[in-house]
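Listed here are the chains, written in short residue letters.
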Amino acid sequence: MALLSACGYGSKSEDKKSGSAAPAAGSASGAKLSADTVKIGYFANLTHGTPLVGLQEGIFQKELGATQIKTQVFNAGPSEIEALNAGSIDIGWIGPSPAINGYTQSNGESLKIIGGSASGGVKLVVNPDKISSLDDLKGKKIATPQAGNTQDVALLNYLAGKGYKVDAKTGAGDVSVVRSDNKVTPDAYKQGSIDGAWAPEPTASKLVTLGAKVLLNEKDIWPDKKFVITNIIVSQKFLKEHPDVVEAVLRGSVNTNAFIKANPDKAKADANEAIKKEAGSALDAAILDPAWQDIDFLDDPLANTLQAEADHAVTAGLLKKPNLNGIYDLTLLNKVLAAQGQSAVADAGLGTK
């Protein structure tokens, strides 16, 4: 089975304490939680806006009280899954493909998906001098972040649906799929070594500032224009031993997503400030604004689209048919939502083995 990964943008892996305010004596509920520390992983990119904003605003720390937050920033999904398996992190924000891979590789023992975080934020952007329509892709070179990653699967599946033949492992075929790290894709585009990219934000908007045009927004090919791009995972060991801490983190996530909806400009600035701290530089407004606008932050993990993405990986030849039964445990999320008078979210029948 190919390693399936998510993609980061200019982030670096490090272990540190959260930059949020000092913890209070107790959690928001007033109760001391069962763990002194919770270790949280995420990427320094906009599709991970929930942890970026929630940590920046101190929303998670408010819910966790005296439980200290330690964070680790990752470049790609496989390293985050390895960290979860090793106990280096307890909870992580991650893309669907590495969550699927981590679950299936461990025979369903390593992790659970416990909530949603983001949808959208992925586009096919191309050189308009070489590609003017979707019928012009044959013979062109289109970049994805990594072999078998979430965007790679999406492109291979899309090309297969259009009748194009591409070798999933090498990327060679009617359309050349070029695996290119997000950090170097803009330079590859400027040099003319690629003709476009199926890329997440903010890479897609970065390419637009270099003259590329949006040929396809991935959300337009999904029912209701929604598909999971980031969800929340937890190690099964930590979930079993510290459900109160997991619930507090989920409450922080739900409250952060509500904050993002109510304060979009402040949240966008928070996310950019967090990216500056982690990646060394903030995003220009010409990149940040359209990228942020294209991402929907939500609590629903969109479980039906996770199964669809797994099916796409099978179609692309990157994955054998996976057994995803039991990958979700939305019990605590639905408890949090119910307490706030919100409707429960569904696991698409993948909540039990």
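Criteria and cut-off values
- Residues numbered from 1 in each chain as written.
- Predicted model: local features only at pLDDT ≥ 70, side-chain atom pairs only at ≥ 80, totals over all residues.
- Heavy atoms only, no water.
- Buried < 20%, exposed > 50% of the residue type's maximum accessible area, 1.4 Å probe, protein only.
- Helix = DSSP H or I, 4+ residues; strand = E, 2+ residues; numbered from the N terminus.
- Pairing = 2+ DSSP bridges.
- Contact = heavy atoms within 4.5 Å.
- Salt bridge = Lys/Arg side-chain N within 4 Å of Asp/Glu carboxyl O.
- Expected span 1.5 Å × (residues − 1).

Peer 1: Give me the lowdown on the pairing of strand β3 (residues 68-74), citing residues and values where you can.
Peer 2: Within β3, 5 of the 7 residues are buried, which leaves the element mostly enclosed by the surrounding structure. Bridge analysis of strand β2 (residues 37-43) against β3 gives 7 bridges, and the strand direction is parallel. Bridging from a neighbouring strand, T37 pairs with Q68 of β3.

Peer 1: Hey, could you go over the pairing of strand β9 (residues 196-200) for me, with residue numbers and the actual values?
Peer 2: Looking down a regular strand, the side chains alternate between one sheet face and the other. Of all the 5 residues making up β9, 5 are buried; the element is thus mostly covered by neighbouring parts of the structure. Of the two faces of β9, the one lined by G196, W198 and P200 and the one lined by A197 and A199 are each fully buried. Note: strand β6 (residues 122-126) against β9, 5 bridges, orientation antiparallel. Within β9, the residue paired with K123 across the bridge is A199. Bridge analysis of strand β7 (residues 141-144) against β9 gives 2 bridges, and the strand direction is parallel. Bridged to I142 within β9 is G196.

Peer 1: Any details on helix α13 (residues 331-339)? Residues and values, ideally.
Peer 2: In an α-helix, one full turn covers 3.6 residues, which means residues spaced three or four apart are oriented alike. Among all positions of α13, only L332, L333, N334, V336 and L337 are buried. Turning to α13, the residues buried within the fold contact β5 (111-120), α8 (236-241) and α9 (243-262). The first or second residue beyond α13 is G341, which carries a positive phi of 75 degrees.

Peer 1: Requested: an account of the pattern of salt bridges, with residues and values cited.
Peer 2: All told, the structure shown has 16 salt bridges when counted by the stated rule. Residues E201 and K123 are paired through a salt bridge, measuring 2.9 Å at the closest nitrogen-oxygen approach. Of the two residues, E201 sits in the loop between β9 and α7 (203-209) while K123 sits in strand β6, which places them 78 residues apart along the sequence. For E201, a relative accessible area of 0% puts it in the buried group. What emerges from the salt-bridge pattern is a single network uniting E63, E247, R251 and K335.

Peer 1: I'd like a description of helix α12 (residues 303-316), backed by residues and values.
Peer 2: Under the 1.5 Å per step criterion, the end-to-end length of α12 is 20 Å for 14 residues, consistent within 8% with the ideal 20 Å. For α12, the complete set of buried residues consists of A303, T305, L306, A308, E309, A310, H312, A313 and A316. Considering only its buried residues, α12 is in contact with α4 (96-105), β5, α5 (150-161) and β11 (228-235). Backbone geometry just after α12 places G317 at a positive phi near 85 degrees.

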